[in-house]
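Each chain, written out:
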Amino acid sequence: MSRVEVFLDETPGETRGMIARDGRFERLIIQRDDDSPVLRLGARSVGRIVRVESGLKGAFVDLGTAAPVFLRGAAPPPRGSLVEVQVTAEPRDAKGAAVRLIGPATGELRLTQAGPGVRDILATLVPGEEPQDGAAAIRAGLAAEEEALSGSLAVESLGLDVAIERTRALVAVDLDLAAGGATGRTARDRANGRGLQEAARSIRLREWGGLVAIDLIGTGHNGEAIIAAARRAFGEAAVFGPVNRFGVLMLSLPWGRTPVETLLRGADAGARLRRVAQTAVRSLRLALLSDRSIPTMTLSCGPGVGALATPWVEALGPRARLAISPSGGTDAYEIWTR
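Parameters at a glance
- Residues numbered from 1 in each chain as written.
- Predicted model: local features only at pLDDT ≥ 70, side-chain atom pairs only at ≥ 80, totals over all residues.
- Heavy atoms only, no water.
- Helix = DSSP H or I, 4+ residues; strand = E, 2+ residues; numbered from the N terminus.
- Buried < 20%, exposed > 50% of the residue type's maximum accessible area, 1.4 Å probe, protein only.
- Contact = heavy atoms within 4.5 Å.
- Areas by Shrake-Rupley, 256 points an atom, 1.4 Å probe, with all protein chains shown as cover.
- Lys, Arg positive; Asp, Glu negative; His and termini not counted.
- Charge placed at Lys NZ, Arg CZ, Asp CG, Glu CD.
- Expected span 1.5 Å × (residues − 1).
- Arc of directions from axis to C-beta.
- Polar contact = N/O pair within 3.5 Å; in protein donor to acceptor, adjacent residues only side chain to side chain.
- Salt bridge = Lys/Arg side-chain N within 4 Å of Asp/Glu carboxyl O.
- Phe/Tyr/Trp six-rings, centres within 6.5 Å; stacked < 30°, edge-to-face > 60°.
- Lys NZ or Arg CZ within 6 Å of the ring centre and 35° of its normal.

A. Broad picture of the overall build of the chain. Looking only at helices and strands, the chain has 7 helices and 18 strands in total. Its C-alpha atoms put the chain at 65 × 60 × 40 Å along the principal axes. Taking all 338 residues of the chain together, the buried fraction comes to 44%. Sequence separation of at least 24 residues holds for 64% of the intrachain contacts in the chain that already meet a minimum separation of 6. Put simply, the chain shows about 16,800 Å² of open surface, and 52% of that area lies on carbon and sulfur atoms. Looking at charge distribution, the chain has the averaged site of its 42 positive side-chain charges lying 3 Å from that of its 39 negative ones.

B. Quick peek at the environment of Arg-275. When you line up the elements, Arg-275 lands in helix α6 (residues 269–290). When its relative accessible area of 25% is taken as the criterion, Arg-275 is described as partly exposed. For the pair formed by Arg-275 and Asp-331, sequence separation is 56 residues and the distance between their alpha carbons is 9.5 Å. If we ignore the near neighbours within four places in the chain, the residues touching Arg-275 are Glu-145, Leu-149, Leu-264 and Arg-265.

C. Layout of helix α4 (residues 223–234). With 12 residues, α4 should cover 16 Å at 1.5 Å per step; its first-to-last C-alpha distance of 16 Å lies within 8% of that length. Taken together, the buried positions of α4 are occupied by Ile-226, Ala-229, Ala-230, Ala-233 and Phe-234. Viewed along the axis of α4, the buried residues span an arc of 120 degrees, placing them on a single side of the element. Exposed residues lying more than 90 degrees from the buried face of α4 are Glu-224 and Arg-232. Buried residues along α4 sit in contact with α3 (185–206), β13 (210–215), β14 (239–243) and β15 (248–253). Where α4 begins, the capping side chain belongs to Asn-222, and its oxygen is found 3.2 Å from the backbone nitrogen of Glu-224. Following α4 by one or two positions, Gly-235 has its phi on the positive side, about 90 degrees.

D. Expanded view of the pattern of salt bridges. The full count for this structure, using the stated rule, is 25 salt bridges. A single salt-bridge network, built from bridges that share partners, covers Asp-9, Glu-14, Arg-16, Arg-32, Glu-145, Arg-275, Arg-282 and Arg-285.

E. Spotlight on the packing of aromatic side chains. For the structure shown, the criterion picks out 1 aromatic pair. Taking the ring centre of Trp-208 as reference, the NZ or CZ of Arg-206 above it sits at 5.4 Å.

This is the structure we're talking about:
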């Protein structure tokens, strides 16, 4: 039986949930305090149809947010209709959120049911498992973040190398055997099976969806066996195509939460500054939890990080202090324990 560990890091400004199976992370769920609750996966709201797009087989719905969301359906309600919808995919990159139709509605545009928080999501994914918190959860979140932003991984026992990358069109996965490793059909099939498991785990960790192309090791595969193994790895939500003559398996996954790298890396300087500030506060909290004998600890940083971090540091309690240096670098910060 596999060993499952669940972690919940409730650092001010950002909550993270992590799930690890046999020591390997397979979930990193991130929610921020200033996220729009209307656009959270699972949230239900009343909105108004503002544009019907027959060519896209759907319509755009105003939920009172900055950009309308997309409602898919061959026969959407007419323009101007009030409808209740539920978020099925959060915003990502240049795409807005997607919703499904619940039914007609009346009244004002409003949130009718909030989407689940991180603790509730963890309880759904791993029922009955109380999450670890505190310093252990912070360290788990940092480790999961590092893996989620990495483009490759290895399974040394099988000589397996897995490279994974998301482009605008699809997720590309390349499975390969290291030079000098085991050869032959048995070794190849074993490595492909494990590679499918690792690809599925990595894609779940990153919160990716859409079209996935997996370049298997070798050619001349038993297509039914490969798809059966892929179905066990990716689950019933995936839609599979055949393994083609080039040894590539194609499948499609539904989108759900905003991709992890979009949240952590962002596309502009503001998003990057937010990540630095959040990491600095998380580091301060970890230091406070790791050594309770020190009366106060101080986060020293520049004005940009300090402006964002001020309310979060205050929320950590009286032992946490903030020192803003006008000459401090944009990405630089220190934790003072004196």
